[in-house]
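What follows is the residue order along each chain.
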Amino acid sequence: MLVSGALASCGVAAPRQIGVPDLRQAAVTGSGEAAVTGSGEAAVTGSGEDTATGSGEDTATGSRRVRATGSGQGRVTDPRRVGVPVPGRATLTAGPAPAPTPTGAGATPSLAPAPPAQAPPSLTRSAVDDAVAGLGGLVRDTMARTGIPGMAVAVVHRDRDVYLKGFGVRRVGAPDPVGPDTVFQLASVSKPLASTVVAGAVGRKAVSWDDPVVKHDPGFALKDPWVTRHVTLADLFSHRSGLPDHAGDLLEDLGYDRRYILGRLREEPLAPFRAHYAYTNFGLTEAAVAVAKARGTSWEALSSEVLYEPLGMTSTSSRFADYARAPDRAFTHVRVGGRWEPGHVRDPQAQSPAGGASSTVRDMTRWMRLQMRNGRFGGKQLIDAAALERTHVPHIVSGPPRAPAGEPAFYGLGWNVGYDDRGRLRLNHSGAFELGAATTVTLLPTEGLGIVVLTNAAPVGAPEAVAASFFDLAENGRVTVDWLGLFGGLFARMDEADRPKADYSRPPAGAAPARSDAAYAGTYANDYYGPLTIGAVNGTLVMRLGPRGERFPLRHYDGDIFSYRTAGENAVGLSGVTFTVGPEGTATRVRLENLDPTGLGVFTRR
């Protein structure tokens, strides 16, 4: 599943103080979160030019998912994701300094003509250098405690690459090492890349963030016609369209393609428009596809044309096929019986803008520097500053405070947006595939400081812990919290929350027998998931579902209740299959528990 924001509901304030995602910034699906749209929310563009392109060489030798009830399955939320706009976020232009305020007797106090955009930098170069020097030890400790096979880390500071290094191996059982040029799947870190691409298209006047989606994709529709006409690119990029959490992800698990999934979003029930946050990979994907249509091209080609090629991200792509054929690529790993094993393939092409990009830490440093230079790189304005700054401000409350003294979490356009106790902007996003990848990126633009951590293992909190520990070192000179213990525990609890409440591996005592196979066999229709067929194969009931007719053997639980082993990114182990039997003794309907988070998982006999 795809992770996207900061872990929620832990009641810890420290992350905000060190520039890592607030643990409360998870994708909360609650209702009533006011949407913050704001206007003119661009940050200061700055007048300075790029000061260094960076050598990209290793400069230091030594030294994740959250299934938001989301990221794929309406239950608890992710690690990466709140409020009201902070004063002073309007774009400021250079000009003469304001006249001095009169002092002395009779002087009338006055305010400055504009509030400051951000507090001045507070981290010294030596503090950052010391934190960089300790990064290798942090990574090795994290890898030793989790056993994950490989990790790559990069740090940029004041428009320079100051750390670029790989650790471990690309694939368990093979000696090939991870390096700065190893290609990883980014998972949901694809989202801030995608919003950068759209900002580039906005700057070229191809689209506007406030364009209705149907302006560029007339065939798009949601369940409510009024919402269909009014939902904008910004609405979908900030997850405030009203679509339910991770709408469409379960269709992807069954093997449906992008066209089918986007066409079925109109079946999804809607929460209040622009007043409810729910993390939706395919909502964001629809917006990105609409932008590509406005340019007369595909998303994959647009992202390369607007961002990857101009920025020199030569190993970055929005095509899964490019990742799959990269000779220096990190293979995905899952934990089996306490060991990390390769073998699963996660093809996220259907949701490429939301989770399908792949890259290296070397390439990602160029993008981080562009982000913190307001679209500039190498002395050139590659992405329009105002369009990019729009992505850096809150558009919706993603996590309301859970206590009177708590702090809210916000989502911008493809970014989790937050502010620390010094008023500094913090941008963050994590990504995670349950089938074997975990990533995170965090930027403190005021400090010109950013870190990206990519791993080739299912999410256990490792990348988030490394990033948090690094900022802790930079701010405090030491690691003050066991970040891996904290993040790892949160991920484990979220995994557990996604599991079915019933233990289908253990039928209850005195379970009622099943009826004959003929009572259940047949074809059942569903407008959202497509047809489902039940039949007996070698004495076992088998369910077939999805465009490939994937087979799922059924095992009896109790009476007319069976279970099957779920598969794919959002698998939850054994899940219930409940038949409703009519007066004639044959089933008329069947409900698949894991496919029914929004009431769409009931199939009716034809």
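Refer to the structure above for everything that follows.
Residues numbered from 1 in each chain as written. Predicted model: local features only at pLDDT ≥ 70, side-chain atom pairs only at ≥ 80, totals over all residues. Heavy atoms only, no water.

Caption draft 1: Highlighting the packing of helix α5 (residues 190–203) against helix α15 (residues 361–372). Running from N to C, α5 and α15 cross one another at 55°; their axes reach a closest spacing of 12 Å. By the angle between their axes, α5 is oblique relative to α15. As α5 runs across α15, the sense of the crossing is left-handed. Facing Pro-192, Leu-193 and Thr-196 of α5, the residues of α15 in contact are Trp-367, Leu-370 and Gln-371. Class assignment of the residues belonging to the contact of α5 with α15 gives a composition of four nonpolar, two polar and no charged. (Axes fitted to C-alpha atoms, helices over the stretch in contact; angles between N-to-C directions. Helix = DSSP H or I, 4+ residues; strand = E, 2+ residues; numbered from the N terminus. Parallel < 35°, antiparallel > 145°, perpendicular 65-115°, else oblique. Left-handed = near helix turned anticlockwise from the far one by under 90°. Contact = heavy atoms within 4.5 Å. Nonpolar A, V, L, I, M, F, W, Y, C, P; charged D, E, K, R; others polar.)

Caption draft 2: Just α15, in detail. Here α15 contains 12 residues, and its C-alpha end-to-end distance of 16 Å stays within 8% of the 16 Å for a straight helix at 1.5 Å per residue. Most of α15 sits out of view: 10 of its 12 residues are buried. Listing the buried residues of α15 in full gives Val-361, Asp-363, Met-364, Thr-365, Trp-367, Met-368, Arg-369, Leu-370, Gln-371 and Met-372. Phi for Asn-374, located one or two positions after α15, is positive at around 55°. (Expected span 1.5 Å × (residues − 1). Buried < 20%, exposed > 50% of the residue type's maximum accessible area, 1.4 Å probe, protein only.)

Caption draft 3: Geometry of empty space enclosed by the protein. Approximately 100 Å³ is the volume found for the largest cavity. Mapped by element, the contributors of at least two residues to the lining of the largest cavity are α9 (249–253) and β18 (550–553). Looking at the lining of the largest cavity, its residues break down into seven nonpolar, four polar and two charged. (1 Å grid on protein atoms, 1.4 Å probe; cavity = no way out; pocket = protein on both sides within 12 Å on 5 of 7 lines; lining within 4 Å. Points joined across faces, edges and corners; volume = space filled by probe spheres on them.)

Caption draft 4: Fine view of the packing of aromatic side chains. With the rule as written, the count across this model stands at 16 aromatic pairs. Each ring, one from Tyr-256 and one from Tyr-260, has its centre 3.9 Å from the other, and the planes form 10°; the classification is stacked. The same class applies to Tyr-256 as to Tyr-260, namely buried. Taking the centre distance of 5.8 Å and the plane angle of 45° together, the rings of Phe-320 and Tyr-323 count as tilted. On the criterion of helical spacing, the pair formed by Phe-320 and Tyr-323 is a turn pair, its members being three residues apart in helix α13 (residues 320–324). The same class applies to Phe-320 as to Tyr-323, namely buried. Taken together, the ring pairs connect Tyr-520, Tyr-524, Phe-562 and Phe-579 into an aromatic cluster. The lysine or arginine in question, Arg-346, covers the ring of Phe-433, its NZ or CZ lying 4.7 Å from the ring centre. (Phe/Tyr/Trp six-rings, centres within 6.5 Å; stacked < 30°, edge-to-face > 60°. Lys NZ or Arg CZ within 6 Å of the ring centre and 35° of its normal.)

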